[in-house]
Amino acid sequence: MSDSRTPATVNHPLLGRVLASDGTLPFALLRREGSLEVEVLVGEVVDVGLLGDIPLDGAPVLAIVPFRQAVERGFTVHDDGAPLRCLVVRESERVSVADAVGVLPPEPVAAEPLGFDLPDDEYASIVRRVIDDEIGQGAGANFVVMRRFEAQTSAAPVTTLTSWFRALLTHEIGSYWTFAVHAPVSDGEALSLAGATPERHLTLHDGVARMNPISGTYRHPATGPTRDGVLEFLRDTKENEELFMVVDEEMKMMSALCPDGGRIVGPYLKQMARLSHTEYLLEGRTDLDPREALRQTMFAPTVTGSPMENACTVITRHETRPRGYYSGFLALFEPEEPASSGSASYSLDAPILIRTAYLHDGGRVSVPAGATLVRHSVPEHEVAETRAKASGVLTSLGLVPRGAGPDVAVDLNAQPGVAETLAARNSQLAEFWVRPQDAVRPATATALTGPNVLIVDHEDQFTTMLAHQLRHLGMNTRMVRWDADFDVLADDLVVLGPGPGDPRDHEDPRIASIARRIHERVAAGRPLLAVCLSHQVLAGLAGFPVRALPAPRQGVRLDADVFGSTAAVGYYNTFGAYVTTTSAADDGPVPRLALEPSVDADGVLTALRGPRVASVQGHLESVLSSDGLTVLDALTRHVLGVPAVR
């Protein structure tokens, strides 16, 4: 009897087993960035409750992490019960991409398109509400809202997944991971997905952590991308601000993970078949267990928004359906050294679950996509962006015509002016986060050493960057949440941090806690520094009127006066305190300090200072704050009564 198997399946029997399976075999097919091979993984499926329960006992593990896992961080989400499912790898092999494409099922499989679950006009209406009611009311800088394209297929699950995988291998470029995963269980629905995600969330290897924020989207015209088109995109204010905001949000995470705070590398242009994005690489050293590192970085701001905690709350308000695995991640844990029982150290490679199709029981297909909404967003443009982001997967399903000709007609990175325009972005960034930090010191030379600093987090992890910069200046820092029980008078310095919300709303427990702690520190004559939201509360208590700005300053870099010096600082505020001709009231401990205001050209307070107290509207710790470290050093010295040493 002749052997009808192809040479590829004979030489790669594990791939042959996958293709011949009846749907009961758990498997994953992966092609990682830069590789010319497909990794074939086969094993057993285990569901766990927490990231810390992922079984790292010496075998590789591929975890599929749902968005609902954000409850581990105390965030608000629609809880659909989606399992944290792990494929514990027992067998693996590598197959060349050419061999894999040669034996994978032809594409596309037959499928009936059903359209988006939210029609264009309904999605555009949600976009308007988020801009007006959330960004416009101080809830945050940016938010990602999802919708799903849906379809139906009668093809067998393994055939469907492997056909999609072949199409993505053949037609998509620029992916960080291209993958197909099938994780069935005996007593529930199989988890089946395939995609081509452009974005690394977090990698850990030999103690080096890397994150890869990607934002800003150039939608290629039907005739193909052009030099003029990409240069227009790279110079667009909205697209620039969108990227800087997510870099700031991920640097918050890096500052929590890495004692050195992390460094920014880039920017780069990531070109895919139908879209191009801008990106940075963030890197630093950490000794955290990779599972704990993942927990601390749930989830990427590029698929949620910022600040992270309130972004999850906003998503819950505006998305009526749970996200499932959209904006979660795959996480591949691999032993880094030969393991005796339980003693292996593990590397981590975790891409974000976007540009992904899900195959559900009964042949239902869903392809989620979202757009990043910022103050400049145009609802109709965000509608188009969700369609463009879904299109790469939709063409693989055969639900969007691919069209004739090559998927990519021009290498955008090779076009004149592109590299120079990308590099020009870094002129807006703080060298503290770009250069090795040991080389970055404020002009006042010697560091502050010794003071114990308590930083109060009001649901915005900019506090982690503040803590890192204050440690860099020589201080001992610790952080607490605003709702923790602590002695506000115990430390040498208290920094009341930023957060979302309306500073005038003293019914909000966070705002009330800021006001109470300001009064306690000031009444005791103890040094106090207030940032952004806390600055606005202090200004209000001092009698300065606080009101909404004509336009939100979210992710904006401004050159503004701070007590006689022009400082380039990043701003994330929807409200501002104003100087008027009316004198401040004198019915409380704060007004009697006769706070000295510093004002910008629009009459908005940039800072306040008085005996043992100071506040600042901008985020001195932001990657946008070129002069942030110098201003932070000066304000800290002021409240502590420590003279500058030149």
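Note that the structure is a prediction, hence the values are computed from the model and not measured. (Residues numbered from 1 in each chain as written. Predicted model: local features only at pLDDT ≥ 70, side-chain atom pairs only at ≥ 80, totals over all residues. Heavy atoms only, no water.)

Here's the deal with the overall build of the protein chain
Along the protein chain, the regular secondary structure elements total 16 helices and 27 strands. Against the 2.2 N^0.38 benchmark of 26 Å for 646 residues, the protein chain shows a C-alpha radius of gyration of 26 Å, consistent with a compact globule. Oriented by its inertia axes, the alpha-carbon framework of the protein chain measures out at about 100 × 55 × 45 Å. Going through the 646 residues of the protein chain one by one, you find that 61% of them count as buried. Taking contacts inside the protein chain between residues at least 6 apart in sequence as the whole, the part at least 24 apart equals 77%. Just so you have it, the protein chain exposes about 23,500 Å², and 50% of that area is on carbon and sulfur atoms. (Helix = DSSP H or I, 4+ residues; strand = E, 2+ residues; numbered from the N terminus. Rg over C-alpha atoms; globule rule 2.2 N^0.38 Å. Buried < 20%, exposed > 50% of the residue type's maximum accessible area, 1.4 Å probe, protein only. Contact = heavy atoms within 4.5 Å. Areas by Shrake-Rupley, 256 points an atom, 1.4 Å probe, with all protein chains shown as cover.)

A look at the pairing of strand β2 (residues 37–48)
Across four bridges, strand β1 (residues 27–32) lies against β2 in antiparallel orientation. Its bridge partner lying in β2, L29 is registered against V40. Connecting β1 to the next strand, β2, in antiparallel fashion are four residues, including G34 with a positive phi near 85°. Here β2 runs beside strand β4 (residues 84–96); their pairing, made up of twelve bridges, is antiparallel. Paired with D47 across the two strands is R85, which belongs to β4. (Pairing = 2+ DSSP bridges.)

Comments concerning unusual backbone geometry
Cis rather than trans, the peptide bond between M298 and F299 has omega equal to -10°. For F299, the position within the fold is in the loop between α8 (290–296) and β14 (305–306). With omega at -5°, the peptide bond leading from S306 into P307 counts as cis. One can find P307 in the loop between β14 and α9 (308–318). Phi is positive for C532, which is not a glycine, with a value near 55°. Relative to the assigned elements, C532 resides in the loop between β22 (528–531) and α15 (533–541). If you check the backbone angles, R612 has positive phi at about 70° while not being a glycine. Mapped onto the elements, R612 comes out in the loop between β26 (605–610) and β27 (613–616).

Examining the packing of helix α13 (residues 462–472) against helix α16 (residues 628–640)
At a minimum axis separation of 11 Å, α13 and α16 run at an interaxial angle of 70°. In terms of orientation, α13 lies roughly perpendicular with respect to α16. On α16, the residues touching L466, Q469, L470 and H472 of α13 are L629, L632 and T636. Grouping the amino acids of the contact of α13 with α16 by side-chain chemistry returns four nonpolar, three polar and no charged. (Axes fitted to C-alpha atoms, helices over the stretch in contact; angles between N-to-C directions. Parallel < 35°, antiparallel > 145°, perpendicular 65-115°, else oblique. Nonpolar A, V, L, I, M, F, W, Y, C, P; charged D, E, K, R; others polar.)

Considering the confidence of the model for the protein chain
One rule of thumb: low pLDDT means the predicted coordinates there are not for detailed reading. Per-residue confidence for the protein chain gives a mean pLDDT of 90; residues scoring 70 or more make up 92%. The model gives residues 582–586 a pLDDT under 50, and that stretch makes seven contacts with residues more than four places away or in other chains. (pLDDT = per-residue confidence, 0-100.)

Here we look at the side chain of S615
With respect to the element layout, S615 can be found in strand β27. Taking the relative accessible area as the measure of exposure, S615 reaches 0% and is therefore buried. In this structure the side chain of S615 is engaged in a polar contact, spanning 2.7 Å, whose partner is the side chain of H535. Discounting residues that sit within four places of it in the chain, S615 has contacts with L529, A530, H535, L538, T606, A607 and L608. (Polar contact = N/O pair within 3.5 Å; in protein donor to acceptor, adjacent residues only side chain to side chain.)

Describing the nonpolar core
Judged by nonpolar contacts, the single largest core of 85 residues is most densely connected at I54, M251, I264, L294, F333 and V495. If near-sequence neighbours (up to four positions away) are discounted, M251 is found in contact with G261, G262, R263, I264, L282, W433, M465 and V623. (Core = buried A, V, L, I, M, F, W, Y, C linked by side-chain atoms within 4.5 Å.)

Section: the packing of helix α4 (residues 120–134) against α9
Between α4 and α9, whose axes approach to 11 Å, the crossing angle comes to 135°. When the axes of α4 and α9 are compared, the pair comes out oblique. Crossing geometry of α4 relative to α9 is assigned as right-handed. For the pair α4 and α9, contact is made by I126, R129, V130 and E134 and by V314, R317 and H318, respectively. Residue composition of the contact of α4 with α9, grouped by class: three nonpolar, one polar and three charged. (Left-handed = near helix turned anticlockwise from the far one by under 90°.)

Some thoughts on the state of the cysteines
Applying the stated rule across the entire model yields zero disulfides. With no disulfide of its own, C312 lies 20 Å from the sulfur of C532, the closest cysteine sulfur. Given a relative accessible area of 1%, C312 falls into the buried group. Since its relative accessible area comes to 4%, C532 is described here as buried. (Disulfide = S-S within 2.5 Å.)

Structural notes on α4
In an α-helix there are 3.6 residues to a turn, and that puts residues three or four apart on one side. Look at α4: 20 Å from first C-alpha to last across 15 residues, which is about the 21 Å you get at 1.5 Å a residue. Y123, A124, I126, V127, V130, I131 and E134 are the residues of α4 that are buried. Down the axis of α4, the smallest arc covering the buried residues is 155°, so these residues share one side. In this structure, the buried residues of α4 make contact with β6 (142–152), α9, β18 (364–373) and α10 (379–396). (Expected span 1.5 Å × (residues − 1). Arc of directions from axis to C-beta.)

Re the packing of aromatic side chains
For the structure shown, the criterion picks out six aromatic pairs. When the centroid spacing of 6.0 Å and the interplanar angle of 20° are considered together, the rings of Y218 and F233 count as stacked. Of the two residues, Y218 is situated in strand β11 (residues 214–219) and F233 in helix α6 (residues 227–234); the sequence distance between them amounts to 15 residues. One exposure class covers both Y218 and F233, and it is buried. Ring geometry for F432 versus W433: centroids 4.7 Å apart, planes at 90°, classification edge-to-face. Residue classification places W433 among the buried residues on the basis of a relative accessible area of 0%. One aromatic cluster is present, formed by F67, F299 and F329 through successive ring pairs. Over the aromatic face of F563 sits the side chain of R609, whose NZ or CZ is 4.0 Å from the ring centroid. (Phe/Tyr/Trp six-rings, centres within 6.5 Å; stacked < 30°, edge-to-face > 60°. Lys NZ or Arg CZ within 6 Å of the ring centre and 35° of its normal.)

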